[in-house]
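Spelled out from the first residue to the last, the chains are:
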Amino acid sequence: MQTQAIRIPHLFAADAVALVNGFGRIVSHMVTAPIERVANACDVAGLLAARRAVRRAGASLYRAAGRDGHRLRRRGLFGCFHYLNELT
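Procedures and definitions
- Residues numbered from 1 in each chain as written.
- Predicted model: local features only at pLDDT ≥ 70, side-chain atom pairs only at ≥ 80, totals over all residues.
- Heavy atoms only, no water.
- Helix = DSSP H or I, 4+ residues; strand = E, 2+ residues; numbered from the N terminus.
- Buried < 20%, exposed > 50% of the residue type's maximum accessible area, 1.4 Å probe, protein only.
- Areas by Shrake-Rupley, 256 points an atom, 1.4 Å probe, with all protein chains shown as cover.
- Patch = residues over 30% accessible without salt bridge, like charges linked within 9 Å, V, L, I, M, F, W, Y side chains within 5 Å.
- Salt bridge = Lys/Arg side-chain N within 4 Å of Asp/Glu carboxyl O.
- pLDDT = per-residue confidence, 0-100.
- Lys, Arg positive; Asp, Glu negative; His and termini not counted.
- Polar contact = N/O pair within 3.5 Å; in protein donor to acceptor, adjacent residues only side chain to side chain.
- Contact = heavy atoms within 4.5 Å.

Q: Help me out: how do you make sense of the overall build of the protein in this one?
A: Along the protein, the regular secondary structure elements total three helices and zero strands. Reading the protein from its N terminus to its C terminus gives the helix and strand order α-α-α. Looking at the protein residue by residue over its 88 residues, the buried ones come to 12%. By element, 66% of the accessible surface of the protein is carried by carbon and sulfur atoms, the whole surface being about 7600 Å².

Here it is in structure tokens:
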């Protein structure tokens, strides 16, 4: 019984961290949506679309191999901005 009482705060803390991360992602997407729209409008050569297609193909091959590592990878404090690396 004592182990259950010890686990409850840890589970609550993990849920609170996940909730804060979710809100952070929502806010970052709302803030960066205009930047992404401008980048897509300025993408005359279609490089951003080509990079997205290559990344999706690689992810589908990775999943087909039976590995789901993409979602488990931690990206750090500014990991919510990972999709902006296409703008480099």
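Q: What exactly am I supposed to notice about a nonpolar patch on the surface here?
A: On the surface, a nonpolar cluster with roughly 450 Å² of combined accessible area is contributed by L19, F23, I26 and M30. Checked against the element boundaries, I26 lands in helix α1 (residues 2-42).

Q: Please explain the confidence of the model for the protein as it appears in this structure.
A: Caution applies to low-pLDDT parts of the model: their predicted coordinates are not meant to be read in detail. Residues of the protein with pLDDT of at least 70 account for 77%, and the chain-wide mean is 79. Highest mean pLDDT in the protein belongs to α1 (87); lowest belongs to helix α3 (residues 69-72) (51).

Q: So what exactly am I meant to see when it comes to the side chain of D43 here?
A: As for its placement among the helices and strands, D43 is situated in the loop between α1 and α2 (47-64). For the buried D43, no salt bridge exists, and the shortest N-O distance to an oppositely charged side chain is 6.0 Å, to R52. At a separation of 3.0 Å, a polar atom in the side chain of D43 contacts the main-chain amide nitrogen of L47. Among residues more than four places away in sequence, those in contact with D43 are L48 and A49.

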